[in-house]
Structure formats: C-alpha cells, structure tokens
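Residues per chain, in single letters:
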Amino acid sequence: MRRLRACLGAAAAVGLAAAGTTALVAGSASGATSALGNRWYAAAPYLMPLDNDPPDTAAIMDATGLKAFQLAFVLAPNGGGCSPTWGGTAPVSSDTAVQSVVNTIRAKGGDVSVSIGGYGGTKLGQVCSDAAATAAAYQQVITKYGLHAIDFDLEEPEYENTAAIKNEIGAAKILQQNNPGLYVSVTTAGTADGTGWFGKQMLLEAKSQGFTPNNFSIMPFDGGFNGAASQTGALTNFNQILQSTFGWDQATAYAHEGFSGMNGRSDTGEFFTQTDFQTVLDYATSHNMDRFTFWSLNRDRQCTPADNGGRTSGTCSSVAQNSWDFAKYSVTFAGATPPSSTPTPTPTPPGTGCKPAWSSTAVYTAGNEVSYNNHNWKAKWWTQNETPVASDWGVWQDEGAC
C-alpha cells in the first residue's frame, strides 16, 4: 500500500503559473513535447519530485536510457478544498519546482505522467462535489504540465469510500473523453487473489460507468507476498477477475493489465530483488501485459551506509544493488536497451526493395520492418500509430532508401 507515503515531508514549490481547463495540446506553453509511445508511459517508474531526496532525473536517463517518469502525488489541499496540490501542501497553480523537473526530462527527449492519490492524504475525489468537479481539478494538472498521461492511484483509505471512487472513475472517464490520446492507468492494491473486495468494487464502478482505461494495475506487495512467484500468481488471478468483470477473453484482459511493484524491502518487510523483477518482467512481456512499473526511483539505490535488510526507506532499497538497477527493467519493458549495450545498427544499402507499407493501425514489435516515404524502417520496440521518422529517441530506425 506504499505506506511510506504517509511520512512525506512538506513540499516547497513556489512560483507563478496559471492553471487552465483546456484539453491536452502538445507543445503548449508549459513546454510539452510530442507524446512518447504508450509503451513508455506504461513503463514509467514512480518518482517523488519534491520529497524523499529526489534523484537527478538527467543522470538516470543517461545511465539507463529511461525516458518516462511517473510523478507522485497530486492530492487535495491539507486545509480543504477542491484544487490540486503536490502532497497536499504545494499548489499546482503556483508550482515552479516540479515544472523544472519536467523541463529537464523533456529537454533530454523524455516525458512525464502524473499520479494522483496514493496511500495517505486527502484525495480530490473525497472532497470535490462530483465527478465533473473532480475532473476539472485534474484538468488543471493536465493543462499546467501539458500531460499526455495520467495515473489514478486508488487505494486506502479512499477506495473504501464509494462516493469518492465514483468521483474518481467518473473524472477519469471525463478526462479521457476531453483529452484525445491521453494515456490513463488505474492502480490499486494487490492481493494473492488478484485484488481485494474494494478493488473489485472499483472495477465494477468502472464497468457501470462504461469506462475502460489503458490498464488496471495491481500492486502485489504489502500483502504477505513472498518473491516473484507470489506476484505472478496474483497477476494470473487478477487477469481472471478482469475477464469475469468485463467479459474479456484472456488476451484482452492481459492487454489491459498492469504490474506496479516495490523494489527492495517493502513496507511490511517483504523483499523483492533484481531476480524477482526479472521474473515478473518475463511474465509481463510473455503475456503481452500493458504496464510494468514500480515504487520508486527515489528508492532505486543502495542504502548508505549499507543497511540491506534492516529497515524500509523512502530513499533507498535496503537490498544490495547498483544505482538504478530497477529502472533498467522498466527500460527493457518499454523495448529499449540501456545505452551501454545498444548495438550499432547496420543500415540497409540504398536502392533495395521496399518492405511492406507502414500502417497506422498495425502493431509493430522490435525488429519489424516497414516502408514509408521510399525508405525502409525497422522498429526498435513495440509501437502503434507512430509515423516512421528519423530521430535518436524515436521508435523507428531508418534503414535507407528503397
């Protein structure tokens, strides 16, 4: 349940900016870039940009090839009201500190998603009058940062509040409709059975409202889990819940399923090592799951002095590791490879035959080849509806004229 979030320090974010309510627009005044492929937003690890000794995002990107970050958490003000803040204390409307982090990431070709909710604090769904008011508060965040992705982290104590969950799911549906192309994930608690009673009620609320996000992700930790086998078992059971709730077949359910883990020592003393992450990653990719993320990048480093096992920390993992070991699993899920092991592709000699024409509706995976504008192109990772264009950070590798 990410209990470490209940112990957050006060966030210091001041400055001048105006919050708006317009729909998502790439290249807005906030410095938004064109959207990354959905696979990157699905792989974005959580990062607290104002608390828990925030790491250098540029350094992480350089070391691992990571391009997307899941910034956490947007809450209602501690003093009351239906307006978005970071951690309950720093109004989004006047933020400059988080904006600076976003600008750094985008300057290096990356992007961010923002997560709302989390464990502890007062959620906007609890205090806003209805779904429309809740959505209007979140729209301020989308507009402020020019977001292409948002995460609804629905867990204790909010997900025990039927009215609040109705507001959150309703708001998610409104945002999805008003911001074409917005990547929406919904994250909730995991149990050995997949998810508990409140998680199942949340799914039923989504069904009743006709809302389908990109994925429903569970957090299989803090519930008596013991390594990767217990986590993949929970993911299998959650898949069955998705099937029975929405009437999906197994493959469709996996295509809407996500994993959100906790690296190292969990709040309740469970341990998840690099080997566990690799096992779950293999499960996620082999079942074509939609999301693989973890809590958190602030913890993706060894404790100093080494305290591997004795405590749970918000700033280190309590397991033996190199810095950013766990981030590399997200990079792998997104379909990229850390820079140190990226092979140099050999371009196809010009004048060779053209591959099958690129289609905006087709799904391509790493190694698939297409032709577009009289050039052949090879996909570096999973993609759909991303036009082949030459770019160091892009999904397509130009193989030359055809």
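For the structure, check the block above.
Residues numbered from 1 in each chain as written. Predicted model: local features only at pLDDT ≥ 70, side-chain atom pairs only at ≥ 80, totals over all residues. Heavy atoms only, no water.

*Asks:* Just checking my understanding: could you explain the overall build of the chain for this structure?
*Replies:* Counting secondary structure elements, the chain contains 11 helices and 17 strands. Out of the 402 residues belonging to the chain, those deemed buried represent 54%. If you sum the accessible surface of the chain, you get close to 15,000 Å²; carbon and sulfur atoms cover 51% of it. (Helix = DSSP H or I, 4+ residues; strand = E, 2+ residues; numbered from the N terminus. Buried < 20%, exposed > 50% of the residue type's maximum accessible area, 1.4 Å probe, protein only. Areas by Shrake-Rupley, 256 points an atom, 1.4 Å probe, with all protein chains shown as cover.)

*Asks:* How do you make sense of the pattern of salt bridges when you look at a structure like this?
*Replies:* As a working rule, side chains carrying opposite charge can pair if their charged atoms are close by. The tally for this structure, following the rule as stated, stands at six salt bridges. The residue Glu369 makes a salt bridge to Lys355 at a minimum N-O spacing of 3.6 Å. Remark: Lys355 occurs in the loop between helix H11 (327-334) and strand E13 (363-364) and Glu369 occurs in strand E14 (residues 369-372); sequence separation between them is 14 residues. Taking the relative accessible area as the measure of exposure, Glu369 reaches 29% and is therefore partly exposed. Salt-bridge contacts for Glu399 lead to Lys378; the nearest nitrogen and oxygen are separated by 3.8 Å. (Salt bridge = Lys/Arg side-chain N within 4 Å of Asp/Glu carboxyl O.)

*Asks:* Can you walk me through the packing of aromatic side chains in this structure?
*Replies:* To describe a pair of aromatic rings, one takes the distance between the centres and the angle between the planes. Applying the stated criterion across every chain, the model contains 20 aromatic pairs. Ring centres of Trp197 and Phe198 lie 5.2 Å apart, and the angle between their planes is 85°; on these two criteria the pair is classed as edge-to-face. A connected cluster of aromatic rings, assembled from ring pairs, spans Phe259, Phe277, Phe292, Phe294, Phe326, Tyr329 and Phe333. Here the basic side chain of Arg39 rests over the ring of Phe333, its NZ or CZ set 3.9 Å away from the ring centre. (Phe/Tyr/Trp six-rings, centres within 6.5 Å; stacked < 30°, edge-to-face > 60°. Lys NZ or Arg CZ within 6 Å of the ring centre and 35° of its normal.)

*Asks:* Got a minute to help me understand the sheet that holds E14 in this structure?
*Replies:* Backbone hydrogen bonds are what pair the strands of a sheet, in a parallel or an antiparallel way. Pairing within the open sheet is antiparallel, and its three strands lie in the order E14-E15-E17. The open sheet is flanked by E14 and strand E17 (396-401), the only strands paired with a single partner. Each neighbouring strand pair of the sheet contributes to a mean axis angle of 30°, computed without reference to strand direction. Across five bridges, strand E15 (residues 375-379) lies against E17 in antiparallel orientation. From the neighbouring strand, Trp377 faces E17, where its bridge partner is Asp398. (Pairing = 2+ DSSP bridges. Axes fitted to C-alpha atoms, helices over the stretch in contact; angles between N-to-C directions.)

*Asks:* Explain the side chain of Asn239 here, please?
*Replies:* One can find Asn239 in helix H8 (residues 227-246). Classification of Asn239 by relative accessible area gives buried; the value is 1%. Leave out the neighbours within four places in its chain, and Asn239 touches Gln250, Ala253, Tyr254 and Glu257. (Contact = heavy atoms within 4.5 Å.)

*Asks:* Looking at this structure, I do not really get the environment of Ala255. What am I missing?
*Replies:* With respect to the secondary-structure elements, Ala255 resides in helix H9 (residues 250-255). The partly exposed category is assigned to Ala255, whose relative accessible area is 33%. Separated by 36 residues in the primary sequence, Ala255 and Arg291 place their C-alpha atoms 8.8 Å from one another. Apart from the residues lying within four places of it in its own chain, the contact partners of Ala255 are Asn214, Asn288 and Asp290.

*Asks:* How should the nonpolar core be read in this particular structure?
*Replies:* Nonpolar side chains tend toward joint burial in soluble globular proteins. Core analysis: the largest hydrophobic core is formed by 102 residues, its most contacted members being Phe69, Leu71, Trp86, Phe152, Phe216 and Phe292. In terms of residues, this core owes the most to one element, H8, which gives seven residues. (Core = buried A, V, L, I, M, F, W, Y, C linked by side-chain atoms within 4.5 Å.)

*Asks:* Would you explain the packing of helix H6 (residues 162-178) against helix H7 (residues 197-209) in this entry?
*Replies:* Helix packing for two helices is described by the angle between their axes and how far apart those axes are. Contact pair H6 / H7: the axes reach a minimum separation of 10 Å and the direction vectors enclose 45°. Relative to H7, the element H6 lies oblique. For the crossing formed where H6 meets H7, the hand is right-handed. On H7, the residues that touch Ile165, Lys166, Ile169, Gly170 and Lys173 of H6 are Met202, Glu205, Ala206 and Gln209. When its residues are assigned to classes, the contact of H6 with H7 shows four nonpolar, two polar and three charged. (Parallel < 35°, antiparallel > 145°, perpendicular 65-115°, else oblique. Left-handed = near helix turned anticlockwise from the far one by under 90°. Nonpolar A, V, L, I, M, F, W, Y, C, P; charged D, E, K, R; others polar.)

*Asks:* For this particular structure, what's the right way to read the pairing of strand E12 (residues 291-295)?
*Replies:* Two faces make up the sheet, and in a regular strand the side chains alternate between them. Buried residues dominate E12, accounting for five of its five residues. On E12, burial covers both faces: Arg291, Thr293 and Trp295 on one face and Phe292 and Phe294 on the other are all buried. Here strand E9 (residues 257-262) pairs with E12 via five bridges, running parallel. Bridging across to E12, Gly258 finds its partner in Arg291.

*Asks:* Got a minute to help me understand the packing of H7 against H8 in this structure?
*Replies:* In the contact formed by H7 and H8, the axes pass within 10 Å of each other and the chain directions differ by 35°. Classified by chirality, the crossing of H8 by H7 is right-handed. Counted together, Lys200, Leu203, Leu204, Ala206 and Lys207 of H7 and Phe238, Ile241, Leu242, Thr245 and Phe246 of H8 form the full contact between these two elements.

*Asks:* Looking at this structure, how should I read the state of the cysteines?
*Replies:* Think of a disulfide as a covalent bridge from one cysteine sulfur atom to another cysteine sulfur atom. Applying the stated criterion across every chain yields a total of three disulfides. Two residues share a disulfide in this structure: Cys303 and Cys316, whose sulfurs sit 2.1 Å from each other. Taking the sign of the S-S torsion, about 90° here, the bridge from Cys303 to Cys316 comes out right-handed. With Cys303 in the loop between E12 and H11 and Cys316 in the loop between E12 and H11, this pair connects stretches of sequence that are 13 residues apart. (Disulfide = S-S within 2.5 Å.)

By themselves, these are just geometric observations and shouldn't be taken as functional.
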